[in-house]
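# A look at the structure
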Amino acid sequence: METEGQYFVAVVGGAVAGSVAAEVLADHGVRVAVIEQNKRPYGKIEDGLPRWHAEQRKQEYARIDARLKKPRVYFVPSTKLGRDLDFQDLCNQWGFSAVILANGAWRDRDLGIPGAEEYVGCGLLYQNPFIYWYNHKAETNYSGPQYDVPDQAVVVGGGLASIDVVKVLQIENYSRALRERSVEVGLHELEKGIPAACKAHGIEPQSLGIRGCTLIYRRREQDMPLAQAPDNATPEQIAKTEQVRLKMLRLARDKYLFQVLDRTLTTGLLVENGRLAGLKVSQSKIEGRKAEPIPGSERELRAPLVISSIGSVPEIIPGVAMKGEYYALTDDSLPRYAGCERVFGVGNVVTGQGNIRVSQTHSQKVASQLIKNYLVARDGHGGASSSHAATEARAAARATALKETLGTLPTLSPGEMVALERRIGTLQERAGYSGDYDAWIANVTPPDLE
Ligand SMILES: Cc1cc2nc3c(=O)[nH]c(=O)nc-3n(C[C@H](O)[C@H](O)[C@H](O)COP(=O)(O)OP(=O)(O)OC[C@H]3O[C@@H](n4cnc5c(N)ncnc54)[C@H](O)[C@@H]3O)c2cc1C
């Protein structure tokens, strides 16, 4: 379908989901402004995926770059929706044909114990800032918070990201202990497995005196969401998935030497001298998906640091209506915002959890549906122009029927296109972005970024 010069779409967030949506639309003649809060557009690839995924991160950066450099894509860095741009304005005043939210899930889900927020930075940390720190702390220009990584921390979680948090803690502790013995062992070597890395340097890991961190999970080990059973799984498939989860957990424990306390619920805070000194925990009784504390099983779990890694949800943006922890988007295959027909969601902002592939395919599907169902080609039939009057009439009738059943996105006149381009140019100028994507990325990439 050729929609050249008729539609202008704003995509909020330039990482996997945002760049994929931008590419699909731009390839169909749609102009796309990609509004990204950071200087670099890589989202969770840079700030979530721990830095030992060096090769994968490089490849994903290159893919995102290639998409954002496409003709008709206008990259707008250092511009945050909710801070530099108002959501209602963007949807209703700017004149875009549609707005696509691709801004991911950056708000850690609350630990869920009343009063816990008081101790953030004082014995309690959340996963997102912790991994951000880990990925950037070695850069000379890093100016964010610094975190201590003591031995015997407790991680509340159970999902894949919480295993990454545990790995960071263990790798940091072993790396420090080895350094104290004047043995330098690199991150990548330790990430392959702590016992093997220690032994390669003639050291028994136990001799370093590290007790290790503890991962607590409210259900059983075999319930940990480390692997997913297919939809409508049979009992055999569920049993197989549980075996896969147990195996993954066993391998992780063997390689990174941490403890797991399953069937453990956090029920309270342990506070000493104004600092979180651990958690009150209870054993849980599992009934189906429910995990209830067993009366009388409460005990204290002391820890110099508690890291909560129980999931990420979209950040609250002024003016964006919420449905629970998520934006008020419909649940169907084309997630549409309840408050405005022309606003859609793609990637982590919709799915919350997920992985690179899930974000990519979700965004591809939604953007392709938009093209197919909501954009009307200039010649009205979604194909090459035909001079044949009957074909044109049929195509026009089809387009009208489509418009009546689904509604289409507004097209823009050439004058409106130019005006919108000018306003986007002003945003780019304010960010210091000249339009040369490669030069910008080269300039804003820390020289010592891993
Ligand atoms: C610890 C951890 C480990 C992981 N490991 C893996 C793994 O091994 N393999 C895997 O496949 N996946 C992994 N993932 C998941 C994967 O990284 C994400 O699912 C995926 O990258 C999400 O892509 P996205 O584009 O949907 O969201 P994001 O990457 O979050 O992109 C959102 C973009 O929107 C921008 N943004 C946010 N708010 C605003 C705003 N208000 N205004 C403008 N811009 C905004 C952000 O800066 C960001 O660039 C991991 C995630 C974590 C946290």
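Here the structure is a predicted model, which means the values were calculated and not measured.

### Overview of the layout of surface pockets
A volume near 170 Å³ is recorded for the second largest pocket. Taken together, Lys 323, Tyr 326, Tyr 327, Leu 329, Thr 330, Asp 331, Asp 332, Ser 333, Pro 335, Val 350 and His 362 form the lining of the second largest pocket. For the lining of the second largest pocket, the residue count by class is five nonpolar, three polar and three charged.

### Structural notes on the site of the ligand
Ala 17, Glu 36, Lys 44, Trp 106 and Ser 359 are the nearest of the 34 residues found near the ligand. Within the side chain of Asn 38, one N or O atom sits 3.3 Å away from an oxygen atom of the ligand. Ser 359 is positioned such that a nitrogen or oxygen atom in its side chain is 2.7 Å from an oxygen atom of the ligand. Coverage of the ligand by the protein amounts to 91% of the 1,000 Å² it exposes when considered alone. Here the shell around the ligand gets three residues from one element, more than from any other, and that element is helix α2 (residues 43–47). Residue classes in the shell around the ligand are distributed as 15 nonpolar, 15 polar and four charged. When residues of the shell around the ligand are assigned to domains, at least three fall in each of domain 1 (8–106 + 314–444) and domain 2 (109–170 + 204–311).

### Things to note about helix α13 (residues 414–431)
Counted at 1.5 Å a residue, the expected span for α13 with its 18 residues is 26 Å, and the 26 Å between its end C-alpha atoms agrees. Along α13, the residues that are buried comprise Met 417, Leu 420, Ile 424, Leu 427, Gln 428 and Ala 431. Along the axis of α13, the buried residues cluster in a sector spanning 100°; they form a single face. Those residues of α13 that are exposed and aimed more than 90 degrees away from the buried face are Arg 422, Thr 426, Glu 429 and Arg 430.

### As for the side chain of Asp 151
Relative to the assigned elements, Asp 151 resides in the loop between α5 (127–136) and β7 (154–156). Here Asp 151 occupies a buried position and makes no salt bridge, while the nearest side chain of opposite charge, Arg 211, is found at 6.2 Å. Residues contacting Asp 151, with those up to four places away along its chain left out, are Asn 173, Arg 176, Gly 209, Ile 210, Arg 211, Gly 212, Cys 213 and Pro 304.

### As for the domain arrangement of the chain
Often, the extent of an interface is quoted as the loss of accessible area upon association of its parts. The assigned domain composition of the chain is domain 1 (8–106 + 314–444) and domain 2 (109–170 + 204–311). A C-alpha centroid distance of 35 Å is found between domain 1 and domain 2. Interface of domain 1 and domain 2: buried area, both sides summed, is about 1,100 Å²; carbon and sulfur atoms make up 44% of it. Taken as a group, Asp 47, Arg 51 and Trp 52 account for 54% of the area that domain 1 buries against domain 2, more than any other trio of residues on that side. Our count for the contact surface shared by domain 1 and domain 2 stands at one salt bridge.

### Some points on the sheet that holds strand β9 (residues 259–261)
Spatially, β6-β14-β7-β8-β9 is the arrangement adopted by the five strands of the open sheet, whose pairing is parallel. Where the open sheet ends on each side, the last strands, each with one partner, are β6 (124–126) and β9. Across the sheet, the mean angle separating the axes of adjacent strands is 25° when strand polarity is ignored. Alignment of β6 against strand β14 (residues 306–308), held across three bridges, turns out to be parallel. Bridge assignment links Tyr 126 to a residue of β14, and that residue is Ser 308.

### Overview of the environment of Lys 372
Along the chain, the position of Lys 372 falls in helix α11 (residues 356–374). Taking the C-alpha atoms as reference points, Lys 372 and Tyr 134, separated by 238 residues in sequence, lie 42 Å from one another.

### Side note on the packing of aromatic side chains
One pass over the structure, following the stated rule, counts 13 aromatic pairs. For the ring pair Phe 75 and Tyr 433, a centre distance of 5.5 Å and an interplane angle of 90° mean the geometry is edge-to-face. Of this pair, Phe 75 sits in strand β3 (residues 73–76) while Tyr 433 sits in the loop between α13 and α14 (437–444), and the two are 358 residues apart along the sequence. Of the two residues, Phe 75 and Tyr 433, neither departs from the other in class, the shared state being buried.

### What about a nonpolar patch on the surface?
A grouping of Leu 160, Val 244 and Met 248 is seen on the molecular surface, where their side chains present a nonpolar patch of about 240 Å² in accessible area. By secondary structure assignment, the location of Met 248 is in helix α9 (residues 235–256).

### Looking at the pattern of salt bridges
Evaluated as defined, the whole model comprises 23 salt bridges. A salt bridge links Arg 40 to Glu 46, with the shortest nitrogen-to-oxygen separation between them at 2.8 Å. Arg 40 gets classed as buried once you look at its relative accessible area, which sits at 9%. Given a relative accessible area of 6%, Glu 46 falls into the buried group. For Glu 315, the salt bridge goes to Lys 80, with nearest N and O atoms at 3.4 Å. On the criterion of sequence distance, the pair formed by Glu 315 in the loop between β15 (312–313) and β16 (322–323) and Lys 80 in the loop between β3 and α4 (87–92) is long-range, its members being 235 residues apart. Through salt bridges that share partners, Glu 23, Asp 27, Arg 67 and Lys 70 make up one connected network.

### Some words on the pairing of strand β4 (residues 98–101)
Here β4 shows a buried face lined by Ala 98 and Ile 100 and a second buried face lined by Val 99 and Leu 101. When β4 meets strand β18 (residues 343–345), the two strands line up parallel, connected through three bridges. By the bridge assignment for β18, Val 99 is matched with Val 343.

### What about the packing of helix α6 (residues 160–180) against α9?
Where α6 meets α9, the closest approach of the two axes is 11 Å, and the angle between their N-to-C directions is 10°. Judged on the interaxial angle alone, α9 and α6 are roughly parallel. Residues Leu 160, Ile 163, Lys 167 and Gln 170 of α6 pack against Met 248, Leu 249, Ala 252 and Tyr 256 of α9. Tallied by class, the residues present in the contact of α6 with α9 amount to six nonpolar, one polar and one charged.

Reading the values: the criteria
- Residues numbered from 1 in each chain as written.
- Predicted model: local features only at pLDDT ≥ 70, side-chain atom pairs only at ≥ 80, totals over all residues.
- Heavy atoms only, no water.
- 1 Å grid on protein atoms, 1.4 Å probe; cavity = no way out; pocket = protein on both sides within 12 Å on 5 of 7 lines; lining within 4 Å.
- Points joined across faces, edges and corners; volume = space filled by probe spheres on them.
- Nonpolar A, V, L, I, M, F, W, Y, C, P; charged D, E, K, R; others polar.
- Near = heavy atom within 4 Å.
- Polar contact = N/O pair within 3.5 Å; in protein donor to acceptor, adjacent residues only side chain to side chain.
- Areas by Shrake-Rupley, 256 points an atom, 1.4 Å probe, with all protein chains shown as cover.
- Helix = DSSP H or I, 4+ residues; strand = E, 2+ residues; numbered from the N terminus.
- Domains from an automatic or database assignment.
- Expected span 1.5 Å × (residues − 1).
- Buried < 20%, exposed > 50% of the residue type's maximum accessible area, 1.4 Å probe, protein only.
- Arc of directions from axis to C-beta.
- Lys, Arg positive; Asp, Glu negative; His and termini not counted.
- Salt bridge = Lys/Arg side-chain N within 4 Å of Asp/Glu carboxyl O.
- Contact = heavy atoms within 4.5 Å.
- Buried area = accessible area lost by both parts, 1.4 Å probe.
- Pairing = 2+ DSSP bridges.
- Axes fitted to C-alpha atoms, helices over the stretch in contact; angles between N-to-C directions.
- Phe/Tyr/Trp six-rings, centres within 6.5 Å; stacked < 30°, edge-to-face > 60°.
- Patch = residues over 30% accessible without salt bridge, like charges linked within 9 Å, V, L, I, M, F, W, Y side chains within 5 Å.
- Parallel < 35°, antiparallel > 145°, perpendicular 65-115°, else oblique.

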